[in-house]
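Observations on the model geometry
One-letter residues, chain by chain:
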Amino acid sequence: MSPAALGCLALAVTLACTRSPALPSFDHPLVLGGRTVPPEDLRQGAEAYVHYCRPCHGDQGDGAGQSAAGLDPPPRDLRLGAYKFAAVAAGQLPNDDDLRRIIKGGLHGTAMLSWDVPDRELDHLIQYIKSFSPRWRTEKPGEAIVLDPDPWTAKDNREAPEREAAAIDRGRRVYHGLAQCAVACHPAYATRAEIFAFAQELTGLRVDQFRSDLYDPVPKPSDYGTVILPPDFTFHPLRAGDTTTDIARAVAAGIGGTAMPTWKNVLPDGDLWAMAHYVRSLVALRATAEADRLRTELLAAPPWTPPPPPATDGGVADGLPNLSAPPSR
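Predicted model, so just to flag it, every value in this text is computed and none were measured. (Residues numbered from 1 in each chain as written. Predicted model: local features only at pLDDT ≥ 70, side-chain atom pairs only at ≥ 80, totals over all residues. Heavy atoms only, no water.)

**Describing the overall build of the chain**
Assigned secondary structure in the chain consists of eleven helices and four strands. Per-residue burial for the chain yields a buried fraction of 40% across its 329 residues. On the chain, roughly 17300 Å² of surface is accessible, and the fraction owed to carbon and sulfur atoms is 57%. (Helix = DSSP H or I, 4+ residues; strand = E, 2+ residues; numbered from the N terminus. Buried < 20%, exposed > 50% of the residue type's maximum accessible area, 1.4 Å probe, protein only. Areas by Shrake-Rupley, 256 points an atom, 1.4 Å probe, with all protein chains shown as cover.)

**Let's talk about the side chain of Thr234**
Position of Thr234 among the secondary structure elements: in the loop between strand S4 (227-228) and helix H9 (244-253). Its relative accessible area of 11% is what places Thr234 among the buried residues. At a separation of 2.9 Å, a polar atom in the side chain of Thr234 contacts the side chain of Asp232. With sequence-adjacent residues up to four places away left out, Thr234 is seen in contact with Tyr189, Leu282, Leu285, Arg286, Ala287 and Ala291. (Polar contact = N/O pair within 3.5 Å; in protein donor to acceptor, adjacent residues only side chain to side chain. Contact = heavy atoms within 4.5 Å.)

**Quick notes on the environment of Pro219**
Tracing the sequence through the fold places Pro219 in the loop between helix H8 (192-203) and strand S3 (220-221). Pro219 sits in the exposed class, given a relative accessible area of 51%. Along the primary structure Pro219 and Leu229 are separated by ten residues, whereas in three dimensions their C-alpha atoms are 4.5 Å apart. In this view, Pro219 contacts Val227, Ile228, Leu229 and Pro230; residues no more than four positions away in its chain are not counted.

**Topic: the nonpolar core**
With 40 residues, the main nonpolar core has Tyr175, Phe233, Leu272 and Met275 as its most contacted residues. The element contributing the most residues to this core is helix H10 (residues 269-283), with nine residues. Filtering out sequence-adjacent residues up to four positions away, Phe233 remains in contact with Tyr175, His186, Tyr189, Leu238, Val279, Leu282, Val283 and Arg286. Judged by nonpolar contacts, the second largest core, of 23 residues, contains Leu32, Tyr52, Ile129 and Trp136. (Core = buried A, V, L, I, M, F, W, Y, C linked by side-chain atoms within 4.5 Å.)

**Observations concerning the confidence of the model for the chain**
Of the residues in the chain, 88% reach a pLDDT of 70 or more, and the chain-wide mean stands at 90. The model gives residues 1-18 a pLDDT under 50, and that stretch makes three contacts with residues more than four places away or in other chains. This stretch, residues 315-329, has a pLDDT under 50; its non-local contacts, to residues over four places away or in other chains, come to 33 contacts. (pLDDT = per-residue confidence, 0-100.)

**Here we look at the packing of aromatic side chains**
Applying the stated rule across the entire model yields eleven aromatic pairs. A centroid spacing of 6.1 Å and a plane angle of 85 degrees characterise the contact between Phe26 and Tyr128, whose relative ring orientation is edge-to-face. Of the two residues, Phe26 is situated in the loop between helix H1 (3-18) and strand S1 (30-32) and Tyr128 in helix H5 (residues 119-130); the sequence distance between them amounts to 102 residues. Residue Phe26 shares its accessibility class with Tyr128, and that shared class is buried. Pairing Tyr49 with Phe132 gives two aromatic rings, centres 5.1 Å apart and planes at 55 degrees, and the pair type is tilted. Separated by 83 residues along the polypeptide, Tyr49 in helix H2 (residues 39-52) and Phe132 in the loop between H5 and helix H6 (135-138) bring together distant segments of the chain. This pair shows no difference in class: Tyr49 is buried, exactly as Phe132 is. An aromatic cluster is defined as three or more aromatic residues linked by ring pairs; in this entry it consists of Phe26, Tyr49, Tyr128 and Phe132. Stacked on the ring of Tyr224, the Lys or Arg Arg76 has its end atom at 4.4 Å from the ring centre. (Phe/Tyr/Trp six-rings, centres within 6.5 Å; stacked < 30°, edge-to-face > 60°. Lys NZ or Arg CZ within 6 Å of the ring centre and 35° of its normal.)

**Considerations on the pattern of salt bridges**
The tally for this structure, following the rule as stated, stands at 24 salt bridges. Residue Arg135 is joined to Glu139 by a salt bridge in which the shortest nitrogen-to-oxygen separation is 2.9 Å. Note that Glu201 is salt-bridged to Arg173, the shortest N-O span being 2.6 Å. Taken together, the residues span a long stretch of sequence, with Glu201 in helix H8 and Arg173 in helix H7 (residues 160-178) at a distance of 28 residues. Under the relative-accessibility criterion, Glu201 is labelled partly exposed at 46%. It is possible to trace a salt-bridge network through shared partners that takes in Arg35, Asp96, Asp97, Arg100, Asp123 and Lys130. (Salt bridge = Lys/Arg side-chain N within 4 Å of Asp/Glu carboxyl O.)

**Focus: H7**
Over its 19 residues, H7 runs 25 Å from end to end, which matches the ideal 27 Å to within 8%, given 1.5 Å per residue. What H7 keeps buried is the set Ala167, Gly171, Val174, Tyr175, His176 and Gly177. In this structure, the buried side of H7 is in contact with H8 and H10. Backbone geometry just downstream of H7 places Gln180 in the positive-phi region, at approximately 55 degrees. (Expected span 1.5 Å × (residues − 1).)

**Section: the packing of helix H4 (residues 96-105) against H5**
Between H4 and H5, whose axes approach to 10 Å, the crossing angle comes to 110 degrees. By the criterion of interaxial angle, the relationship of H4 to H5 is roughly perpendicular. The chirality of how H4 crosses H5 is right-handed. Residues Asp96, Leu99, Arg100, Ile103 and Lys104 of H4 form the contact with H5, whose participating residues are Asp119, Leu122, Asp123, Leu125, Ile126, Gln127, Ile129 and Lys130. (Axes fitted to C-alpha atoms, helices over the stretch in contact; angles between N-to-C directions. Parallel < 35°, antiparallel > 145°, perpendicular 65-115°, else oblique. Left-handed = near helix turned anticlockwise from the far one by under 90°.)

Structure below.
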């Protein structure tokens, strides 16, 4: 075969591999998440999907597109109808506003970019994405989780630093002593003595047993077929945004398909906001000498022995409950 013929053959193979797939044909409306979607909207959504999403998420929405190989974390398998970062209780289907926010904002630290999709085209795209999963044909989105207004917000600039400091201090105590985020998931950012004191202050429980890797995150299984590492807030990017509002939403709603539970109605909204302020203060340390210094000091802390339980009048320890496992959620 001549070089010219070989060149033509190579070009033909390349074009065959990269040509757009045949778009699905929608002849009837679909009811997706309780909404009736006209076939024309689904056809336009399919065109948008090919343009924006197909290279990573694949023709079938299975997360196995041509660009997916080697991506960590891998693209979402849209057939599962499972989503992490929605303002609904973890595990429920998201609302369209959640999907808009994710597509528009992207997911930090992943290959999921922020896409500037025109609003009408974006709505068609969202409805088409739903067509990949049977969940959308039988279930409706969860009720949006809404927190009370942030009680730590200052009324004027003069009191802002004091209010922020109070929020961070309360959030630090809630994180370590009440929610106990470092028991089995996230790193601790306080000494064992401090955690013991915070837990007794806020719960009356004795937290005096700690995992050996207290200052590291613990890998956790997920519903996505991958092991997920809870973020170290002084090191890892936060996927769904790192503003105080973003963090409060994630804390309140939880992260679907992961070990991160829904905290709304478990803790008061004021404490959820306080934790968000505290986590935001840790995020601000990322890639700074202060983050390195904090970790070095915590790792170098001398061995700690918990104080003995208080004794009753009869001389027998009253035995406050010992908490060495996460609280029931």
